[in-house]
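Residue-level structural notes
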Amino acid sequence: MKSSLSVMFLTWEFPPRVIGGISPHVFYLSKSLAKSGVKVHVVTCDFPGAPSHETLDGVEVYRVDSYKSPSPDFATWVYLMNLNMQKEAAIIAARLRDKIDVFHAHDWLVATAGIGLKHVFRKPLLVTMHSTEIGRRDGIHTSAERMIAETEAWLTYEAWKVICCSQYMVSHVKWAFGLPSDKLVMVPNGVNLQVYENVRKQDLKSFRTAFALPEEKLVLFVGRLVYEKGAHVLVNAIPKILEKVNAKFVFVGSGYMKDQLSTVVRSIGLENKVLFTGFMDEESLMKLQCCADVSVVPSLFEPFGIVALEAMAARSPVVVSDTGGLSEIVEHDFTGVKVYSNDLGSLAWGVTKVLLDEKYRNGLRENAYKRIREKYDWDKIAQHTERIYESVLGEYSKSFWA
Amino acid sequence: MRVIIFTWEYPPRIVGQLAEYTSNLSTQLVKNNIETYLVTYHPYMTGMTQEPNGVKIARVANPVRTHIGVLTWVLTLNQEVERAAANIYYQAGRQIDVIDVYDWHFVPAAVTLKNALGVPFVYSVDSLEDHRSHGANAPFNMAIKSIEWLGFYEAGKVTAKSEWMRSEIIRIYQTPKDKIQIITSSTSNSISDVLNVYRQAVGGGAKS
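Everything in this summary refers to the structure shown in the same document.

Reading the values: rules and limits
- Residues numbered from 1 in each chain as written.
- Chains lettered and ligands numbered in written order.
- Predicted model: local features only at pLDDT ≥ 70, side-chain atom pairs only at ≥ 80, totals over all residues.
- Heavy atoms only, no water.
- Helix = DSSP H or I, 4+ residues; strand = E, 2+ residues; numbered from the N terminus.
- Rg over C-alpha atoms; globule rule 2.2 N^0.38 Å.
- Buried < 20%, exposed > 50% of the residue type's maximum accessible area, 1.4 Å probe, protein only.
- Contact = heavy atoms within 4.5 Å.
- Areas by Shrake-Rupley, 256 points an atom, 1.4 Å probe, with all protein chains shown as cover.
- Lys, Arg positive; Asp, Glu negative; His and termini not counted.
- Charge placed at Lys NZ, Arg CZ, Asp CG, Glu CD.
- Pairing = 2+ DSSP bridges.
- Axes fitted to C-alpha atoms, helices over the stretch in contact; angles between N-to-C directions.
- Expected span 1.5 Å × (residues − 1).
- Polar contact = N/O pair within 3.5 Å; in protein donor to acceptor, adjacent residues only side chain to side chain.
- Core = buried A, V, L, I, M, F, W, Y, C linked by side-chain atoms within 4.5 Å.
- Phe/Tyr/Trp six-rings, centres within 6.5 Å; stacked < 30°, edge-to-face > 60°.
- Lys NZ or Arg CZ within 6 Å of the ring centre and 35° of its normal.
- Disulfide = S-S within 2.5 Å.

A few points about the overall build of chain A
The helix and strand tally for chain A stands at 16 helices and 14 strands. Taking 402 residues into account, the globule formula puts the C-alpha radius of gyration at 21 Å, and chain A, at 21 Å, falls close to it. Projecting the C-alpha coordinates of chain A onto the three principal axes gives extents of approximately 70 × 50 × 45 Å. Taking all 402 residues of chain A together, the buried fraction comes to 62%. Contacts spanning at least 24 positions in sequence make up 69% of the contacts within chain A whose residues lie at least 6 apart. Carbon and sulfur atoms provide 52% of the accessible area of chain A, an area that totals close to 15800 Å². Positive and negative side-chain charges of chain A, numbering 47 and 46 respectively, have mean locations separated by a distance of 3 Å.

Spelled out as structure tokens, the structure:
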């Protein structure tokens, strides 16, 4: 049955603007929702070369001025960007005259825009909390961090329902903001298997040679080079792994720890075994994921762990920290290997185990692929999300706002 | 006519001259049979009250308590201003004729309400960032100036307190001269000038 629902997504990133995991999440969720008949209007930040309005597989995408004037700091920029986003979203929503049923905000980065729109249009606001400040920073240490944490608390307070991508995040968000259980709902992240299938069909031998020698195993890390992602744990484990296996370690992504990490690599004389690629375009990244003999996700804090799911879709075996959402995605010894978080000995053990045993490696690949096909399909996730919208609108229709 | 005044200071919270000015203005408006609402900030005296002078006041606090500067404070407080104003709007049967916003602090809320609900606004200028910061052009000052610019651009009408201020607004923001009306609080007919500006803003600024 075709739905007549209409939702407005607010997100600070949407392809081609890709900063973290919110961008692919919103991209695939909106497309799958549109497929089942939900009208989705995405309001997001502009990006050089991307049109200010386009229709993508039924999804209306609006890119608004993301405030290019200099801002004193990142958090202030976020609030200034929200001012423009809210204004443009108000114009779009007003033009559709009562056609937006639900506002759906993705993370605190669009908190003020979402909260304002809720009140001026008197429509329900939903939020997906992709992460939290207290989790990212492992505690609150500065005024800026506290301000962001309080903004997150305010956003979850104003939201009708708070969606989290893992059971771990449900309990974390509930603890962080003191929310009642019935306000929280778990909807997993998904992964698009088809795009990886298409990449796998290509001959990637010559592509691989740009990253590793044929006799080297390829160990891949994908993520921002920031503390919470634990790249430093993998860097510190490299000598231990090299004692047993000949491998090349490729780090994709950038972040404030990049200089520090390359200094460590230089000082232990492993420049010929480690490659920092910086940010990589999506096509090359998918190819590299398909080439990886093992994908490592050594996060210290991980709300979900989409990169592990992507690696599994690329049929790369995974070694992950037993933490956060990763604990739920990976079944130890069956769909991947789980190691102790922030423990280089344990990480080295896991990586070595996978690299030394080809049969074991292939078993993990097959089991993981089967599992994600059952559980992390975007169409199923979109249907689940649509049911949440419907139940919220059912409650809303009995309220004095309706 | 039904009017909402936005001001970041109002008695008993007095920071500068705006508190007294908006208090006198709202009293005068009620005397002229204007249904007058006012939305302002107070750290804890929140909610709707009716003053002895007949003005209905909604005070809002900032849901985010910790801040790194006046910009983040203002840009989070605006959603509460929007909420209070939207509550007035819906309770009044979706009919607010004009919003009168004093200085840049609540310009974001006025802009959203205009674009979302079609309520026009008057931007009343007491002072400008260029003068307050002695022409400083640091990112912080430029951000405030960008909000002031948004106010001049989106407002149906602008009021200034002197000929000099009007020329400064034109110099810094290139606002059309006929968009700016001078309201001097010293003249006895200033309230009728204010009402004139309101009427022009309601009519899209076209009529005089």
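Description of the overall build of chain B
For chain B, the count of helices and strands is seven helices and eight strands. The C-alpha atoms of chain B give a radius of gyration of 16 Å, which matches the 17 Å a tight globule of 208 residues would have. By residue count, 59% of the 208 residues in chain B fall in the buried class. Taking as baseline every contact in chain B between residues at least 6 positions apart, the subset at least 24 positions apart corresponds to 57%.

What to know about the sheet that holds strand S6 (residues 121–124) of chain B
All names here are of chain B. One open sheet accounts for eight strands, arranged S3-S4-S2-S1-S5-S6-S7-S8; its pairing is mixed. Every other strand in the sheet has two partners, leaving strand S3 (47–50) and strand S8 (180–182) as the edge strands with one partner each. Sheet twist, expressed as the average angle between the axes of neighbouring strands with direction ignored, equals 20°. The sheet contact formed by S3 and strand S4 (residues 56–60) spans four bridges and is antiparallel. Residue glutamine 50 lies in a different strand from S4, and its bridge partner there is lysine 56.

Digging into helix H7 (residues 190–202) of chain B
Residue and element names in this part refer to chain B. Relative to the 18 Å expected for 13 residues at 1.5 Å per residue, H7 spans 19 Å between its end C-alpha atoms, a close match to the ideal helical length. Listed as buried for H7 are Ser190, Ile191, Val194, Leu195, Val197, Tyr198, Gln200 and Ala201. On its buried side, H7 packs onto strand S1 (2–6), helix H1 (18–31), strand S5 (98–102), S6, strand S7 (157–160) and S8.

Here we look at the sheet that holds strand S8 (residues 184–186) of chain A
All names here are of chain A. Pairing in this open sheet of eight strands is mixed, and the strands run S3-S4-S2-S1-S5-S6-S7-S8 from one edge to the other. Sheet topology places strand S3 (53–56) and S8 at the edges, where each strand pairs with a single neighbour. The mean angle between the axes of side-by-side strands here comes to 25°, regardless of whether they run parallel or antiparallel. As paired strands, strand S1 (residues 6–10) and strand S2 (residues 39–45) are joined by five bridges and run parallel to one another. Along S2, the bridge assignment pairs phenylalanine 9 with valine 42. Sitting on the sheet, helix H2 (residues 74–95) is in contact with S1, S2, strand S4 (59–64) and strand S5 (102–106), with an inclination near 155° to S2.

Digging into the side chain of Glu302(A)
Residues and elements named next belong to chain A. Along the polypeptide, glutamate 302 turns up in the loop between strand S12 (294–297) and helix H12 (306–313). By relative accessible area, glutamate 302 is classed as buried at 6%. A distance of 2.7 Å separates polar atoms of two side chains, one belonging to glutamate 302 and the other to serine 299. Contacts of glutamate 302, omitting those with residues within four sequence positions, involve Tyr168, Lys229, Val297, Thr323, Gly324, Gly325 and Leu326.

Concerning the pairing of S4(B)
Residue and element names in this part refer to chain B. Extensive coverage of S4 is indicated by the burial of four of its five residues. Across five bridges, strand S2 (residues 35–41) lies against S4 in parallel orientation. In the sheet register, threonine 40 faces S4, and the bridge partner there is arginine 59. Hairpin remark: S3 followed by S4, antiparallel, with five residues in the connecting loop; positive phi at glycine 54, about 95°.

So, the nonpolar core
Grouped together as the largest cluster of nonpolar side chains are 152 residues, with contacts concentrated most on Phe6(B), Tyr123(B) and Tyr198(B). With 13 residues, the single largest contributor to this core is H2(A). When neighbours within four sequence positions are excluded, Tyr123(B) is seen to be in contact with Val101(B), Asp103(B), Trp104(B), Val107(B), Glu148(B), Gly151(B), Phe152(B), Ala155(B), Lys157(B), Val158(B) and Thr159(B). In terms of nonpolar packing, the next biggest core, distinct from the first, is built from 40 residues, Ala212(A), Leu220(A), Val330(A) and Ala368(A) among them.

Overview of the packing of aromatic side chains
The geometry of an aromatic ring pair is captured by two quantities: the separation of the ring centres and the angle between the planes. On inspection of all chains with the given rule, the structure shows 22 aromatic pairs over all chains. Here the aromatic rings of Tyr21(B) and Tyr102(B) are separated by 5.8 Å at their centres, their planes lie at 55°, and the arrangement is tilted. Taken together, the residues Tyr21(B) in helix H1 and Tyr102(B) in strand S5 connect sequence positions 81 residues apart. This pair shows no difference in class: Tyr21(B) is buried, exactly as Tyr102(B) is. Taken together, the ring pairs in this structure connect Phe14(A), Phe27(A), Tyr28(A) and Trp378(A) into an aromatic cluster. One Lys or Arg, Arg17(A), reaches over the ring of Trp12(A) and ends 5.1 Å from the middle of that ring. One Lys or Arg, Lys161(B), reaches over the ring of Tyr21(B) and ends 4.0 Å from the middle of that ring.

Examining the state of the cysteines
Here, disulfide denotes a covalent bond that connects the sulfur atoms of two cysteines. Residues and elements named next belong to chain A. Here the structure, examined in full by the defined rule, presents zero disulfides over all chains. Cysteine 45 forms no disulfide, and the closest cysteine sulfur to it belongs to cysteine 165, at a distance of 19 Å. Judged by its relative accessible area of 0%, cysteine 45 falls in the buried class.

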